[in-house]
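# Fold and geometry: a report
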Amino acid sequence: MKYTAIRGMEDILPQDMPKWQRIESLARKHLESYGCAEIRTPIVEETSLFVRGIGDGTDIVTKEMYTFSDRKGRSLTLRPEGTASVVRAFIEHSLQVKLPEARLYYLGPMFRSERPQKGRQRQFHQIGVEVIGMNSPYADAEVIIQLSRMLELFGLKDFMVKLNSLGCAGDKEKFAESLRAYFKGKEEALCDDCKTRITRNVLRILDCKKESCRALFGGAPDVSKQLCPACDKHFETLKKILTGMGIRFTVAKHLVRGLDYYTQTVFEVVHTGEGLGSQDALAAGGRYDNLVKDLGGPALGAVGYAIGVERVIMALGGAVESRPLVGIVTMGDAAAIAGIKLADELRRNIDIRVVTDIREASLKSQLRTADSYGAKAVLIIGDNELGKNVVCIRNMETKEQEDVARQTAIEAVKKLLGNKELKKAS
């Protein structure tokens, strides 16, 4: 029997890993420059955490979660998003004692049982940030600015922030009432899911992707026109900060996001260039001031976002240059030991990858293997080289080679590869 990966859960192959490693490395450095600390949560949680946190009327909970019973009969779920898990960990470990204003970030896989398509897989990866303990619009502005700068750091330029405010819990309820009144009498034009949503969770209609439903959105009420004075001030302050910082955004009056825990600020970053098609959302987030308390913690405001790593990689396109690779080719036992020592010395002194051939194969075979790895240079050591205390360095692009003194081999490798590509290994 030939096994294949489960549909919608794809392998990330070695040739693709440089893109992933680059994004993750840049993200860590960038987020830590904002004072964020990494947190890692399990990929499996109690199902009720997501039902309570995300909302039992959302598509994620009703249609998309991977839920199963374990041997003890407990209902468990592969995490469909990161916020609920981070908030659970924040509460469980009383992080508010040490971190009254916590800035946390995470990287990892999420799982949703959706129809796989371009930019949307059943196992997908996110880089997320959760800022817990701050109610200020300045916190909202910081995470949006932070997110925008990170996308720029990745190399993305063609993106736009869509912004809206849902207001506080009271504002959301008033908005829900006005939406129910608007859609009353229009049920026949709605899809079957949205017909149910009118009574169960009417805001979710605005998150529907079906054209028959979206055609009705034009005349729907605008939540930003119904905000209480405090929420209106919060939203206006946020827009003023973003404008002052040169963040390109547009107010999207029907943006509600697909998670019930959001209050006040919600946002989505969409790619405006080519490559993603209809799945153009790169990142999304918002404020969730009631979630910490709803999950059993203290009454703390919070705001966060998550980036879809696969979509960022698709939007970037092209290959990412990985660290240069050098091959070590040896002939004979004494040369093999010398090659291992030289490889260790290279790794400790230069930021490159070094591969030694351990098959005891012929010179021709070892050179062919090094070439298949993409080696830019090969260092050849045999009895002749050992006797002269030299190393033969072969340029794999030009096929030229020369002998250099063993003690100058590292400098010779730097010169061949180009000093601008290399740095001292820390």
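Counting restarts for each chain, with residues numbered from 1 along the sequence as it is written. It should be noted that, the model being predicted, local features are given only for residues of pLDDT at least 70 and side-chain atom pairs only at 80 or more, the latter also being counted only at that level, while totals for whole chains, interfaces and linings use all residues. Calculated side-chain values reflect all of the structure's heavy atoms, with hydrogen atoms and water omitted.

## Here we look at the nonpolar core
Nine residue types can take part in a nonpolar core, namely buried Ala, Val, Leu, Ile, Met, Phe, Trp, Tyr and Cys, and a core is a set of them joined through side-chain atoms within 4.5 Å. Exposure is judged per residue with a 1.4 Å probe applied to protein chains only, and the accessible area is read against the type maximum: over 50% gives exposed, under 20% gives buried, and values in between give partly exposed. Counting 95 residues, the largest nonpolar core has I132, I144, L151, F183, Y305 and I307 as its most contacted members. Of all the elements, helix α6 (residues 137-154) adds the most residues to this core, at nine residues. Once residues lying within four places of it in the same chain are set aside, the contact partners of I132 are V87, F90, P100, E101, A102, Y288, V292, L300, G301 and A302. Counting residues in each nonpolar core, the second largest holds 21 residues, with L346, I352, V354 and I393 among its members. Secondary structure elements are defined from DSSP: runs of H or I of at least 4 residues count as helices, runs of E of at least 2 residues count as strands, and each element is numbered from the N terminus. The contact definition used throughout considers only heavy atoms, calling two residues in contact when any of these lie within 4.5 Å.

## Remarks on the sheet that holds strand β12 (residues 325-330)
Taken in spatial order, the five strands make up an open sheet running β13-β12-β14-β15-β16, and their pairing is mixed. A single partner strand is all that each edge strand has here, and the edge strands are β13 (353-356) and β16 (401-405). Sheet twist, expressed as the mean angle between neighbouring strand axes with direction ignored, is 25°. Only when DSSP finds a minimum of two bridges between them are two strands counted as paired. Across five bridges, the pairing between β12 and strand β14 (residues 377-381) is parallel. The axes used here are C-alpha line fits, helices contributing only the stretch in contact, and every angle between their N-to-C directions lies in the interval 0 to 180 degrees.

## Thoughts on the packing of aromatic side chains
Two rings from Phe, Tyr or Trp (for Trp, the six-membered ring) form a pair when their centres sit within 6.5 Å of each other. Planes less than 30 degrees apart are called stacked, planes more than 60 degrees apart edge-to-face, and all others tilted. Using the criterion set out here, one finds three aromatic pairs in the structure. Centroid distance Y182 to F183: 5.0 Å. Interplanar angle 75°. Geometry classified as edge-to-face. Taken individually, Y182 and F183 each receive the classification buried, so the pair is uniform in this respect. Grouped by ring-pair contacts, the aromatic residues Y261, Y262 and Y288 constitute a single cluster. Of note, K186 hangs over the ring of Y182, and the distance from its end group to the ring centre comes to 4.1 Å. Charge over a ring is defined by NZ of Lys or CZ of Arg lying within 6 Å of the ring centre and within 35 degrees of the ring normal.

## Structural notes on the confidence of the model for the protein chain
Here the protein chain averages 90 in pLDDT, while 97% of its residues score no lower than 70. Scored below 50 in pLDDT, residues 420-426 shows 16 contacts in the model against residues more than four places distant or in partner chains. Across the chain, each position has a pLDDT score giving the predictor's confidence in that residue, from 0 to 100.

## Side note on helix α16 (residues 409-417)
If you check which residues of α16 are buried, you get A409, I410, A412, V413, K414 and L417. Looking at the packing, one finds that the buried side of α16 touches β12, α13 (333-349), β14, β15 (390-395) and β16. Just beyond α16, the residue with positive phi is G418, at close to 100°.

## Some details on the sheet that holds strand β8 (residues 249-251)
The strands making up a sheet associate through backbone hydrogen bonding, with each pair oriented either parallel or antiparallel. Spatially, eight strands are ordered β1-β5-β6-β11-β10-β9-β7-β8 in an open sheet, and the strand pairing comes out mixed. Every other strand in the sheet has two partners, leaving β1 (37-38) and β8 as the edge strands with one partner each.

## Structural notes on the side chain of T41
Relative to the helices and strands, T41 is located in the loop between β1 and β2 (44-46). In this structure, T41 is in contact with R79, S85, V86, R88 and A89, ignoring residues within four places of it in sequence.

## Overview of the packing of α13 against α16
Interhelical geometry of α13 versus α16 gives an angle of 60° and a closest axis separation of 10 Å. It follows that α13 is oblique to α16 by the angle criterion. Our pair here, α13 against α16, has a crossing hand that is right-handed. Of the residues in α16, those in contact with L342, E345, L346 and N349 of α13 are A409, I410 and V413. Each residue is assigned to one class: nonpolar for Ala, Val, Leu, Ile, Met, Phe, Trp, Tyr, Cys and Pro, charged for Asp, Glu, Lys and Arg, and polar for all the others, Gly among them. Of the residues assigned to the contact of α13 with α16, the class counts are five nonpolar, one polar and one charged. Each angle receives one of four descriptions, namely roughly parallel if under 35 degrees, roughly antiparallel if over 145, roughly perpendicular if within 65 to 115, and oblique otherwise. Each crossing is labelled by how the near helix is turned from the far one, with a counterclockwise turn of less than a right angle marking it left-handed and a clockwise turn marking it right-handed.

## Section: α13
By this rule the span expected of a helix is its residue count minus one, scaled by 1.5 Å. Helix length check: α13, at 17 residues, gives a terminal C-alpha distance of 25 Å against a target of 24 Å (1.5 Å per residue), a fit within 8%. For α13, the set of buried residues is A335, A338, G339, L342, A343 and L346. The buried residues of α13 occupy an angular sector of 140° when the element is viewed end-on, so they sit on one face. Facing away from the buried side of α13 by more than 90 degrees, the exposed set consists of D333, I337, I340, K341 and R348. Of the surrounding elements, those touching the buried residues of α13 are β12, β13, β14, α15 (383-388), β15 and α16. By construction, the arc corresponds to the directions joining the helix axis to the C-beta atoms.

## Observations concerning the environment of G119
With respect to the helices, strands and loops of the structure, G119 is situated in the loop between β5 (102-111) and β6 (123-132). Separated by 162 residues in sequence, G119 and A281 place their C-alpha atoms 9.3 Å apart.

## Brief notes about unusual backbone geometry
With a phi close to 50°, S94 is a non-glycine residue in the positive phi region. Considering the arrangement of structural elements, one finds S94 in the loop between α4 (83-92) and α5 (95-98).

## With respect to the pairing of strand β11 (residues 302-308)
For β11, the tally of buried residues reaches seven of seven residues, placing the bulk of the element in the interior. Every second residue of β11 is oriented toward a common face, with A302, G304, A306 and G308 on one face and V303, Y305 and I307 on the other, all of them buried. Looking at chain direction, β6 and β11 are connected through seven bridges and run antiparallel. Following the sheet pairing, Q126 is matched in β11 by G308.

## What about the pattern of salt bridges?
Salt bridges are identified by distance alone: a Lys or Arg side-chain nitrogen within 4 Å of an Asp or Glu carboxyl oxygen. The final tally for this structure, using the stated rule, is 23 salt bridges. E268 is the partner of R257 in a salt bridge, and the nearest nitrogen-oxygen pair spans 2.8 Å. Taken together, the residues R257 in the loop between β8 and β9 (263-271) and E268 in strand β9 connect sequence positions 11 residues apart. For the pair R257 and E268, a shared accessibility class is recorded, and that class is buried. In this structure, the salt-bridge partner of R323 is D351, at a minimum N-O distance of 3.0 Å. On the criterion of sequence distance, the pair formed by R323 in the loop between α12 (309-316) and β12 and D351 in the loop between α13 and β13 is long-range, its members being 28 residues apart. One continuous salt-bridge network, built from bridges that share partners, spans R28, E38 and R40.

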